[in-house]
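Chain residues, written in single-letter form:
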Amino acid sequence: MPTDARQPPRSRRAREAVGDVLAHGAIDIGFQPVVDLVSQRTVGYEALARGPIGTELESPGALFDAARDAGRLDELDWLCQRSALRAALRAGVRAPSVLFVNVEADTTGFLPLDLRGLYAEATAQMVVAVELTERALTRRPAALLGRVADMRALGCVLALDDVGCASESLAMMSVLAPDVVRLDLAELSVRPEGELAEVVDAVAAHAERSGATVLVERIETEMQAELADTLGARLGQGFMYGAREPLVTAAAPPDERPVNATFRRDPRDTTPFQLLSEGCDVHRASREMLAGLSRRLEDQAQTVGRSAVLVGAFEAGASFDDAARHRYAELARDLAFCGAVGTGMPEEPAAGVRGGRLHASDPLAREWTVAIVSPQTSAALTASDPGTGDGRYDYALTHDRELAAAAAAALMARIAP
């Protein structure tokens, strides 16, 4: 029996509808203004896609869910990006105005040549902020981190959407190092005070360290605008400032750039030992001493819990022994993300643990690393065998958040789906 015949009628109908949308480019792009909360001037727009009006795929959620089910998420994501960039170029959006373009976090990360060309054209004319939705941030870490690096190389800045709505978004904030942090006022306003305080504290700390811009969306009243100011936002978006609508002619660009880009090294091109040895003192210690330090960092991650990322690199898959598998399986139950990389490492080396298999020629295959990142604490320990034959390792240890996050990113960039 053909596979489609076994699908529920509604599922088959949605798959066919997605095919029609892609075949005819049948999406509708509207633009909602983004304003400076002090001057009240429009400083940019968010491009928002919808499916065919009056159909079951009209809402973005239904449209993208159907594309996922049909195995055509990448195609839909490309179509929406192309449409948004072309419409903004036609409307004359000019730097330093910002165009926010949504991209799905769990696509393959491949970018067609024509779309690369569109991004190059757009970034020469305006500030383009690639906006990652908070869902599925840890589903395809290698593809996601590679895509972020590629987009930054094309001149884009990075925005992270709906921060705090899921625990993994707080955990991944330092790893991704967004230039814009977007907060959903409707979601956060119903959170218990303690949870809201955790989000505000984490976002404020990230903005202070990195210079990131905070944007609050779904502002509809003066009271909500005041709350956005309380949350430390510089930019605002919502019906109070304008609805989603076609963009014929863009507003005049602002006097100052509302969003700034920061340089980030491509995590695929480096290793934790390379990173830390450039910025930290390198010492020498026994394997037993390093094992104790590794356990201490793992204990710290477990104490933090659901807002922590922990990734380890093992010189060879064989060094990820039964004790390590048991320990990492326990950690995976408590953390937002737990991963392990090494030569011969399986896709799931322990229950709930994401595995990354290293090629023997990868410099990372000769390193031993534990990196943790969370809003509360960050640290990385990395070691390399100097080949002296005495069982001692060169190692570096840091609690610097940016270095620890870069080390974690270098490991996660080796973890495929």
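Read on for a plain summary of the structure. Just so we're clear, the structure is a prediction, and the values are computed from it rather than from any experiment.

Here we come to the pairing of strand β15 (residues 392-398). Of all seven residues in β15, five are buried; the element is thus mostly enclosed. Strand direction decides the pairing type here: strand β9 (residues 283-286) and β15, joined by four bridges, are antiparallel. Note on β15: the bridge partner recorded for R284 is D394. Alignment of strand β14 (residues 378-384) against β15, held across five bridges, turns out to be antiparallel. Following the sheet pairing, A383 is matched in β15 by Y395.

Here we come to the pairing of strand β3 (residues 98-103). Extensive coverage of β3 is indicated by the burial of five of its six residues. Pairing geometry for strand β2 (residues 42-50) and β3, over four bridges, is parallel. Note that in β3 the partner of A47 across the bridge is V101. In the sheet, β3 pairs with strand β4 (residues 127-132) via six bridges, with the strands oriented parallel. Opposite V98, over in β4, you have V127 as the bridge partner. In this view, the connection linking β3 to its parallel neighbour β4 by way of helix α4 (residues 113-123) has right-handed handedness.

This brings us to the nonpolar core. In terms of nonpolar packing, the biggest core is built from 102 residues, with F31, L85, Y119, L132, L176 and L183 touching the most fellow members. Counting residues per element, this core draws most heavily on helix α3 (residues 73-91), at 11 residues. Once residues within four sequence positions are removed from consideration, L132 is found in contact with V103, A105, L137, L144, V148, L158, A159, L160, D161 and L176.

Once that is clear, we can look at the sheet that holds strand β12 (residues 354-357). Spatially, seven strands are ordered β9-β15-β14-β13-β10-β11-β12 in an open sheet, and the strand pairing comes out mixed. Two strands bound the open sheet, and with one partner strand each, they are β9 and β12. Geometrically, the sheet is characterised by an average inter-axis angle of 20° between neighbouring strands, direction not taken into account. Here five bridges tie strand β10 (residues 309-313) to strand β13 (residues 367-373), and the two strands are oriented antiparallel to one another.

This paragraph deals with unusual backbone geometry. Along the chain, A95 connects to P96 via a cis peptide bond; the corresponding omega equals 5°. Tracing the backbone through its elements, the reader meets P96 in the loop between α3 and β3. With phi around 65°, Q40 is a residue other than glycine that occupies positive phi space. The residue Q40 is located in the loop between β1 (28-36) and β2 in this model. The phi dihedral of D162 falls on the positive side, at around 55°, and the residue is not glycine. Here D162 lies in the loop between β5 (157-160) and α6 (167-176).

The rules behind the values
Residues numbered from 1 in each chain as written. Predicted model: local features only at pLDDT ≥ 70, side-chain atom pairs only at ≥ 80, totals over all residues. Heavy atoms only, no water. Buried < 20%, exposed > 50% of the residue type's maximum accessible area, 1.4 Å probe, protein only. Helix = DSSP H or I, 4+ residues; strand = E, 2+ residues; numbered from the N terminus. Pairing = 2+ DSSP bridges. Right-handed = clockwise from strand over helix to strand, strands pointing away. Core = buried A, V, L, I, M, F, W, Y, C linked by side-chain atoms within 4.5 Å. Contact = heavy atoms within 4.5 Å. Axes fitted to C-alpha atoms, helices over the stretch in contact; angles between N-to-C directions.

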